[in-house]
Every structure is written in C-alpha cells, then in structure tokens.
Amino acid sequence: MIVSYTFRVVKQRRDTVLEAKKAKQATVTSVTKKNSALILNTEHGKIKLEPFSDAIIRVVYTLSNEFSNEVGLGIVASENTCKWTYEVTDKNIILKTKQITLVVSKQTSAFAYYDAEGKLLVKEPDKGGKYLIPFDSYKIILDEESEIERIQTPDGIKEVVRDAKKIFSQSLYHTRMELEWSKGEALYGLGQQEEGILNLRGTRQYIHQANMKIAMPIFVSTKGYGILLDTYSPIIFNDNEYGSYIYNEAAKELDYYFIHGKCFDDIVMGYRKITGKAVMLPKWAFGFIQSQERYESQQEIIDTVKKYREEKVPLDCIVLDWKSWEGEKWGQKSFDPIRFPEPEKMIDILHENGVHFMISIWPNMAKESENYKEMVRNNGTFQKSEIYNAFDEKSRALYWKQANDGLFSKGVDAWWCDASEPFSPEWNSPIKPEPDQNYLEYYNTAKIYMDELYTNAYPLMHSKTIFEGQRSVTKEKRVVNLTRSGYTGQQKYGTILWSGDISAKWETLKKQIPAGLNLCVTGLPYWTLDIGAFFVKKGDMWFWDGDYEEGCEDMGYRELYTRWYQLGTFLPIFRSHGTDTRREIWNYGNKGEMFYDVIAKFTELRYRLLPYIY
C-alpha cells in the first residue's frame, strides 16, 4: 500500500491545527490475465504477478502506466510453461501454482504466501507492504572545473571526486517491501558480511560492495522460501524496533522473485533457474592453491613449485599477485621482461610439474600503462577514471583482448580479478567508518561513474568480460576466476569469491564461518578465504590489524595459521594467501614438527576427499 500525506491549515476559533489528508490506498480495481501474467490495476499503481515455475512467482509493482518489461542483468530469460489458476472473491485475488498459493487483499493489495498444504510462509502487513518513493536521479559531470583528488590505496592510486556538476538523468524509485516474519523464523543470505552474524533476524544489514563485503540481494528462510530482488543498486535489510523491511536505493519498479522450497537446496535450485547454472570448475581448482603477497620473479615461482615437489606436499596451483607488470604500470596486463623474461617457459615448467598458474589482474590501470592509453583512445574507461567500463560491450572486448594478448596467450590458466567492486572508499579512512557511512560513501562514489541503477553490478559485468572472452578463444580450458565481489547470476561465469583482506585474529577466524555460509546459501557455490588472513601485523590503517608482529616466527601465529588451514581444508576452494609473512609450509616448521606435520596431514586429507568434492 502506498500512502502519502498532504496537510492543510484548519482555523478553529483562535486555534490552528494540521489536518492529515490521506491519499488513495492501493485498492484493486480490476484483474486481467495477460499472456503468462496476472495484472492487478489498483488505485495507486499496477501489479504484475508472473508464475515463473511451480515454485517461483515474479512480482512487479509500478506507479507508471506500463511495466518496463526489462530483463535484469543477472537474469536468464527462459520460456514460461508453468500452469496456474486464479480466482477473484469478495475480498481477495487468489493465484495458485502446484506449490504456492498467493492471496492478495483487494482492499490494500497486501500479499500472503502459502504452500500447497495451506501453511503460511510469509505475509505483508494487512495495511500493505509495497512502497515506491519517486526521486530524480542526476548524472555527475566531470570536467576541468571538477575537484578531484588522487590518493594512494592498497588497490593502487584512486581518484576521489570532491566536487562536480550534475544534470538530471532519469526518474526512479526508492523501494521498500515490508514483511511480517514468524516467531522463531531464521533468515540467511544477502551475501557475505564481516560482522560474524549467521541468522539475520533482529539485525540491520547494509548490502553493498566493499573489500570485505559481497552484496547479494537474496535471502532464504527456514519457513521454506527465499526472496530474490531483481535490483542492482544497494539495499538495506532491517529487522528491529524500526520495522521489518527491505529497502532499495534505486529502481525503475519494485521487482522480485518469491521462491518456495522445502529445503535450502530447493531454493538455491530456484535461484539458479532464474539466474543461470553454476558452471563446473576444472578438477585442479579444488586442490591446494599456494599464494602470497608476493612472488617477485620467474625463478622464485619455479623454485617454490620444485620445493613443494621435493617436500612431497600436494600442490595444484601457484599464484602471481600484483606487480607482474613493468615498473609502476599498475594494472598493465603483461609481464615485466626483467623479472619474468620467459613467461611461456616458466608456465611450461609449472605444467611439467603438474601445477597450474593463476595471475592477478585489475579493473583499474595506471595512466602510464599502455593498456590505459589504449582504453582511453577507445573511450573504454569511466569518465575521468582509470577504471574500464565493464558495462560497455566494446570496452569489455578490449579489456579481454589486452588480457589475452599479454597473459592468456602465454599459457595463463586462471584469473584473479582483484578489487572487482571496483570502489572501496572505506579504505581511504584511517579509522573504520560507521556501517551507514560506509554504505552511503560507496553508493555516492559508485554513482559518479555508473548509472545509479547498477552501482552493485560491476563485479557481475567484470566476470562476464573474463568468462565470455576466454570462451571466445577456447573451449578446451575451463574458466577459473577468483574475484573479490559478486552479484546476482555470477555463478554462471566460473567465479570463486573470497572474503577479502582480513586480519590475523582468532575472532576473525570465527567470523569467517557465518560469512561463508551466508554467501554460499545465496546460490554462489565457490567461496574461499585467505588461510592465515591477509594482514598479519598492525599497520597505520584500521584494516591492517593483525596480532602477530613476528609473523610465522611467532608460535602463536603458527597455531592460528594451522587452525585456519584446517578450516580451509573443508571449504569449497582451498587456498593460502596473505602479506607480512611467508605462507609456504616449510615456514611453519620442519618435517616431524607439530605445525608442519598437521599442515601436511590436512593437505593430504583434502586430496583424499578431492574425488568426492569434484
């Protein structure tokens, strides 16, 4: 129900009072079956109910005269063959599939969802629960008069816009959907958060991209349903004394999918029916991946692999983190000819030893790099930015061409698409920003460069660049893309998500478990973390906050690393990575010593489990 208020002054003798004048309710005025959907015209907008399958109903609500009929970036179009019925009674409109009964109040358009046995799954408040708040969206114009500051971050030099002009772009809605959750009902999902919360009930969650956050606009319930919002802008989940609702920053209409399932696997299956199947990774990707920040030369990588073989500890992949490029050409997708003089030979040697090679690449490129200059010549970056425009098809094609010419054609097996948010403004602060400040900072930064409707969707399009690019070159090598952020439908692009640049603390290790569970329950199956955490020591920024100044020379850190390694053994992807201290097994003792032997034992256990995992 949409309710707006106007006020008029009423004079009563010498007193002056305000009198509220209510707008019309979203009372249903007519019901029409049109193609595969049921259209409800109301006194305040139109509602479309479209059964997507026996277990899925799409709901669209708009105040416009027509629906946009757009298919979301992460949605896979498919033929609708679901059989359903509806009836209109004195008080309700009732739509039925084999698994769901949706009852809509004619008076307020309030929804109530039931399963086939008549059990209530979830409902809106009786007064109605669908809100659309119009607002004007403006495009930011960066020109010579704009105030832009260049700052150094752990993800390279980033530009921060302090002041710029803006022009009207489009009329959009903030949306809000209120729900009445049941006592004892638990909710999970919405991607990966860093606070260590598993059940989302009773909390407030800010769903946007960040270094240690992954936004996914879907949650699942122990009552047997999930809700996927087809939106690509940040959202807020709220369940506290201020109400129970999902708020969306920017949309053309309220658009979501209600998914019924008797168990979470059923709900995930429904999600993948809407957004695409998860592709299969190569078998080696489920083995052990050795990484650290960073291997500095061709010979160091070869020597590390050979030592693993000498130690007889299994290894399937080694990773080259940043500065594979020449000099200060951050993001250049080619090898430094001094430190990596023969990359093809290096990769051949790795392959001869049964090890695959992954390399990190970035969406931002230093202005000194050839890749950046080529992007600018082809209008491939966001305005006044060093980040390529992954929403543009030609820019995606050029980015892949650069990656193929400089890296993939040399034998690279897998990608590490770092900083795929691609904005992390919280890392510009010496102290950790408040959650609401962080949320707004991300949103306000991203919409300077992207359409306001799509500020959460960059990682989806960046992954599409890599997947479609590699598949256009060869079908013989499956796509493996370790990337820091994700969004609706990204599972079909061969992506592995990880939890970002976390710090070495026991409390952080504990919080990784609910972080991974909530991410994977949203339908993205491949998740991992930095075994041992990325930051081990303390630095001058809030995020560089590890407890172990001596690194792996500290027996306390060796214990933490080993416990983290044991957890990593049972994750979908098994990977060690981090800065401040070395990560190879021989840095944690010698054969016959406790930590070395436990690490070796669990590596072997992983490989015994590998056929079942695959």
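Note that this is a predicted model, so its numbers are computed, not measured.

1. Notes on the sheet that holds strand 4 (residues 37-42)
Step number 1: Reading across from one edge, 3-4-5-6-22-19-18-16 is the order of the 8 strands in this open sheet, with antiparallel pairing throughout. What marks the edges here is a single partner per strand, and that holds for strand 3 (28-34) and strand 16 (187-192). Each strand axis lies, on average, 20 degrees off the axis of its neighbour in the sheet, ignoring direction.
Step number 2: Pairing analysis gives 5 bridges linking strand 4 to strand 5 (residues 45-53), with the strands arranged antiparallel. Within strand 5, the residue paired with Thr42 across the bridge is Gly45.

2. Quick look at the nonpolar core
Step number 1: Among the nonpolar cores identified, the biggest contains 146 residues, and Leu49, Tyr113, Phe357 and Trp415 are the most heavily contacted of them.
Step number 2: Residue contributions to this core peak at 6 residues, all from strand 18 (residues 214-221).
Step number 3: Ignoring anything within four residues of it in the chain, the contact list for Trp415 reads Met358, Ile359, Ile361, Trp400, Ala403, Leu407, Phe408, Ile466, Gln470, Val480, Asn481 and Leu482.
Step number 4: Residues Leu281, Trp284, Ala285 and Phe286 belong to the second largest nonpolar core, which totals 17 residues.

3. Side note on unusual backbone geometry
Step number 1: At the junction of Glu293 and Arg294, the peptide bond is cis and its omega measures out at 5 degrees in the coordinates.
Step number 2: With respect to the secondary-structure elements, Arg294 resides in the loop between strand 23 (288-290) and helix 2 (298-311).
Step number 3: A cis amide bond, omega 0 degrees, links Glu421 with the succeeding residue Pro422.
Step number 4: In this fold, Pro422 is placed in the loop between strand 26 (414-417) and helix 6 (435-449).

4. Re the environment of Ile431
Step number 1: Residue position: Ile431 is located in the loop between strand 26 and helix 6.
Step number 2: Here the alpha-carbon distance between Ile431 and Asp230, two residues 201 residues apart in the chain, equals 34 Å.

5. Some points on a negative patch on the surface
Step number 1: Together, Glu342, Glu344, Asp348 and Glu352 line one region of the surface with negative charge.
Step number 2: Counting through the fold element by element, Glu342 comes out in the loop between strand 24 (317-320) and helix 3 (343-352).

6. Re the sheet that holds strand 11 (residues 120-123)
Step number 1: Across the sheet, 5 strands lie side by side as 7-8-9-10-11; this open sheet has antiparallel pairing. What marks the edges here is a single partner per strand, and that holds for strand 7 (85-88) and strand 11. Geometrically, the sheet is characterised by an average inter-axis angle of 15 degrees between neighbouring strands, direction not taken into account.
Step number 2: Sheet topology note: the strand 7/strand 8 (residues 92-96) ladder contains 4 bridges and is antiparallel. Along strand 8, the bridge assignment pairs Glu87 with Ile94.

7. Examining the packing of helix 8 (residues 506-520) against helix 9 (residues 555-569)
Think of two packed helices as two axes; the pair is described by the angle between the axes and how far apart they sit.
Step number 1: Between helix 8 and helix 9, whose axes approach to 11 Å, the crossing angle comes to 5 degrees. In terms of their interaxial angle, helix 8 and helix 9 are classed as roughly parallel. Here Trp506, Thr508, Leu509, Gln512 and Ile513 of helix 8 lie close against helix 9, whose contacting residues are Glu559, Leu560, Arg563, Trp564 and Leu567.
Step number 2: Each residue belonging to the contact of helix 8 with helix 9 can be placed in one class, and the counts come to 6 nonpolar, 2 polar and 2 charged.

8. Some words on the pattern of salt bridges
Step number 1: With the rule as written, the count across this model stands at 27 salt bridges.
Step number 2: For Lys505, the salt bridge is made with Asp545, and the minimal N-O distance between the two is 3.6 Å. Linking Lys505 in the loop between strand 28 (495-498) and helix 8 with Asp545 in the loop between strand 29 (527-528) and helix 9, this pair joins segments that are 40 residues apart in sequence.
Step number 3: Exposure remark for Asp545: the relative accessible area of 26% places this residue in the partly exposed category.

Cut-off values and rules
- Residues numbered from 1 in each chain as written.
- Predicted model: local features only at pLDDT ≥ 70, side-chain atom pairs only at ≥ 80, totals over all residues.
- Heavy atoms only, no water.
- Pairing = 2+ DSSP bridges.
- Helix = DSSP H or I, 4+ residues; strand = E, 2+ residues; numbered from the N terminus.
- Axes fitted to C-alpha atoms, helices over the stretch in contact; angles between N-to-C directions.
- Core = buried A, V, L, I, M, F, W, Y, C linked by side-chain atoms within 4.5 Å.
- Buried < 20%, exposed > 50% of the residue type's maximum accessible area, 1.4 Å probe, protein only.
- Contact = heavy atoms within 4.5 Å.
- Patch = residues over 30% accessible without salt bridge, like charges linked within 9 Å, V, L, I, M, F, W, Y side chains within 5 Å.
- Areas by Shrake-Rupley, 256 points an atom, 1.4 Å probe, with all protein chains shown as cover.
- Salt bridge = Lys/Arg side-chain N within 4 Å of Asp/Glu carboxyl O.
- Lys, Arg positive; Asp, Glu negative; His and termini not counted.
- Charge placed at Lys NZ, Arg CZ, Asp CG, Glu CD.
- Parallel < 35°, antiparallel > 145°, perpendicular 65-115°, else oblique.
- Nonpolar A, V, L, I, M, F, W, Y, C, P; charged D, E, K, R; others polar.

Coordinates in, geometry out; function isn't part of it.
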